[in-house]
Amino acid sequence: MSLRIDKPIENDKDDLLNFKDFVKELSKVLYDYHKHNKDGLVISIEGEWGSGKSSIINLLVNRLENYKEKKSFCFIPYTSNNFEIIKFNPWIFSNIDSIFLSFFSEISKAIEKENPFFSIENKIGSLFKKYATTISTFIPQYLGKQTIAELIQLTNNEPSILETKTALNNELKKLDKKLVIIIDDLDRLIDKELMLILQLIKGVADFSNIIYLISYDKNVVSNSIETFKKEKGSNYLDKIVQLPITIPKISNTTIFNVLTQKIDEVLEDDLNNEIIFDEDYWYSVQPYLKKYFKNLRDVNRFLNIFYVEFPSLYKDVNTVDFISILCIKLFDVKSYEYISNNLHTFIRDYQYEVDYENTDKWRESKTELINNIIKNQITKKVIFQIFPS
């Protein structure tokens, strides 16, 4: 039993939500594209916070790195990757100028890494540096202000930029691999930084044999775009992204099954079967509890508290009650605080029943009170299960 760190999964063995089949098919699509196209491509992985965007990217990278081919140079056999993975994290930089310069610098370093001086990769890396230097003096002032079409026209009309860009693109066409540039968590960026990255992708760094793999919450990014543009953010994204991919919706049941599996491990292994667990009671409340859990981050938040608190309390509490109350505590703080401060509303105590002739009146009064005060419908149903009287 150990705390669960909230970070993306790295490999298939940690894939509790069965993304691997989805990722396998996506990797096949990219490999087929690599074999038959030299054009650049922009792919978006779209999903809400905690839906697994970064995990899917990690699993996809693992698969792409396994696409290798046997080749030879001067009759010397060697193995070549079909995809060169380059990760760029714009949200770690402090301002727009540093994002702009670091974008090309990171690409250049990644391409040149471990390649001999005379290789085409090394030449491409040098051209990226030259291209960045050529445009760095005046392009940043246009980014975020001009339309993509105007930006492309600007780069194509400036002789020094066009010459370097053409030379760079010609060398990229010679590559027998795809450069996959991953930009994760675009929705972390502030509005200006987001527009910079989108315009870089489409207006400045749109090259052959480069695949951009970007991830974001589409609603967040669309709203951010609309602070700059007089058009719908989703329409603007359609001009940039050729292959938008929405993460498959994971059911509450699937997510809750992950939770119950981890709870079972604690109950069966770590606490030596000392716990009395009422399965009938559990099955009566479980349909409501699972509605609290929207993603694996919710599961991990719950488990971290459960791992810390339950081992010291399990001999004194009903396990199902504890799990249920912990869910309310985590996902409906206001209701939890009300329960904590008004236990007499939920637990029968005869000193509060002096004005009532029978239990039915007491129950009716408390039910009406709970219905008026508890606003969360899930919590309300859980309460009526764990406080039936």
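Residues numbered from 1 in each chain as written. Predicted model: local features only at pLDDT ≥ 70, side-chain atom pairs only at ≥ 80, totals over all residues. Heavy atoms only, no water.

Caption draft 1: Local environment of the pairing of strand β1 (residues 41-46). In terms of residue burial, β1 counts as a mostly covered element, since six of its six residues are buried. Looking at chain direction, β1 and strand β6 (residues 210-216) are connected through six bridges and run parallel. From the neighbouring strand, Glu 46 faces β6, where its bridge partner is Tyr 216. Bridge count for β1 against strand β7 (residues 243-246) is four bridges, and the pairing is parallel. Bridge pairing in β7 links Ser 44 to Pro 244. (Buried < 20%, exposed > 50% of the residue type's maximum accessible area, 1.4 Å probe, protein only. Helix = DSSP H or I, 4+ residues; strand = E, 2+ residues; numbered from the N terminus. Pairing = 2+ DSSP bridges.)

Caption draft 2: Layout of the sheet that holds β1. The strand order β4-β5-β6-β1-β7 describes an open sheet built from five strands, whose pairing is parallel. Strands with a single pairing partner mark the edges of an open sheet, and in this sheet they are β4 (83-87) and β7. Taking each pair of neighbouring strands and ignoring which way they run, the sheet shows an average axis angle of 20 degrees. (Axes fitted to C-alpha atoms, helices over the stretch in contact; angles between N-to-C directions.)

Caption draft 3: Quick look at the packing of aromatic side chains. Per the counting criterion, the structure on display carries 17 aromatic pairs. Residues Tyr 131 and Phe 207 carry aromatic rings whose centres are separated by 5.6 Å and whose planes lie at 80 degrees to one another, so their mutual orientation is edge-to-face. Within this pair, whereas Tyr 131 is found in helix α4 (residues 120-135), its partner Phe 207 is found in the loop between α7 (191-204) and β6, the two being separated by 76 residues in sequence. Phe 207 matches Tyr 131 in its accessibility class, with the two residues each being buried. With 5.0 Å between their ring centres and 75 degrees between their planes, Phe 293 and Phe 331 make a pair best called edge-to-face. Pair noted here: Phe 293 is in the loop between α11 (279-289) and α12 (296-313) and Phe 331 is in helix α13 (residues 319-331), with a separation of 38 residues, a long-range link. Accessibility expressed as a relative area gives 21% for Phe 331, which makes it partly exposed. Grouping aromatic residues by their ring pairs yields a cluster made of Phe 256, Phe 277, Trp 282, Tyr 292, Phe 293, Phe 302, Phe 306, Phe 310, Tyr 314, Phe 322 and Phe 331. (Phe/Tyr/Trp six-rings, centres within 6.5 Å; stacked < 30°, edge-to-face > 60°.)

Caption draft 4: Structural context of the confidence of the model for the protein chain. Here the protein chain averages 81 in pLDDT, while 82% of its residues score no lower than 70. Low pLDDT, under 50, characterises residues 71-79; the predicted model gives this stretch twelve contacts beyond four residues in sequence or across chains. (pLDDT = per-residue confidence, 0-100. Contact = heavy atoms within 4.5 Å.)

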